[in-house]
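Given next are the chains, with one letter for each unit.
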Amino acid sequence: MRIFVNAGHNLKDPGVICNCGLPHGTEAELNMMVRDRVREMVNGGSPTEHDFFYVPDELSFSDSLEWVNEWAEPDSFAIDIHFNSNANKNFRGTEAYYAENDKYAKVFAREVAGAMKIPNRGAKHDSQSYIGSLGWLRKLKCPSVLVECAYVSNAEDMMAIN
């Protein structure tokens, strides 16, 4: 099984700009930080029967989709790491988006929220997202999930990230 890990956004698309008290000032940088932590845990952990692939940061969104689709096998899985933001500073927690089956999104929302000790906002269909349809979930030829790890607009969530 191949598992693809993408740090949402990229070097040319910073995502949300956050003044969140971390050395990383953009969502893309936070996403890369989490992706790199995942890589450390995988590489430093026990051997696994899965092959992990990390989407290169210099790829655009459409190039990232193409890259995953080129390397994906029938049993592959793809994860897109993001951080959320809201004008309402009280919004907090982890949520995970899916397009067809909520099984993986439920697991990711529960596990990320539990690891960070923040609220689990649950699995959400991509029609509930800000843009209404998420390409990462709709245009890949393998199952995928988009994880909003926490809200950069919430001070408690940012403390959990630290």
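Refer to the structure presented above.
Q: Sorry if this is basic, but what is going on with the side chain of Asp 157 here?
A: Position of Asp 157 among the secondary structure elements: in helix α5 (residues 155–161). A residue is classified by how much of its surface remains accessible, and Asp 157, at 0% relative accessible area, is buried. Reaching out from Asp 157, the side chain makes a polar contact with the side chain of Arg 92 at a distance of 3.0 Å. Ignoring anything within four residues of it in the chain, the contact list for Asp 157 reads Arg 92, Gly 93, Met 116, Ile 118, Ala 150 and Tyr 151.

Q: Honestly, the nonpolar core in this entry has me stumped. Any pointers?
A: Within soluble globular proteins, side chains that are nonpolar tend to cluster in buried spots. With 23 residues, the main nonpolar core has Ile 79, Phe 83, Val 145 and Val 147 as its most contacted residues. Breaking this core down by element, the ones donating at least two residues are β1 (2–7), β3 (77–84), β4 (94–98), α3 (103–116), β6 (144–151) and α5. With five residues, the single largest contributor to this core is α3. Residues contacting Ile 79, with those up to four places away along its chain left out, are Ile 3, Phe 4, Val 5, Asn 6, Phe 108, Trp 136, Val 145 and Val 147. Core analysis: the second largest hydrophobic core is formed by 16 residues, Phe 4, Ala 78, Leu 137 and Leu 146 among them.

The rules we used
- Residues numbered from 1 in each chain as written.
- Predicted model: local features only at pLDDT ≥ 70, side-chain atom pairs only at ≥ 80, totals over all residues.
- Heavy atoms only, no water.
- Helix = DSSP H or I, 4+ residues; strand = E, 2+ residues; numbered from the N terminus.
- Buried < 20%, exposed > 50% of the residue type's maximum accessible area, 1.4 Å probe, protein only.
- Polar contact = N/O pair within 3.5 Å; in protein donor to acceptor, adjacent residues only side chain to side chain.
- Contact = heavy atoms within 4.5 Å.
- Core = buried A, V, L, I, M, F, W, Y, C linked by side-chain atoms within 4.5 Å.

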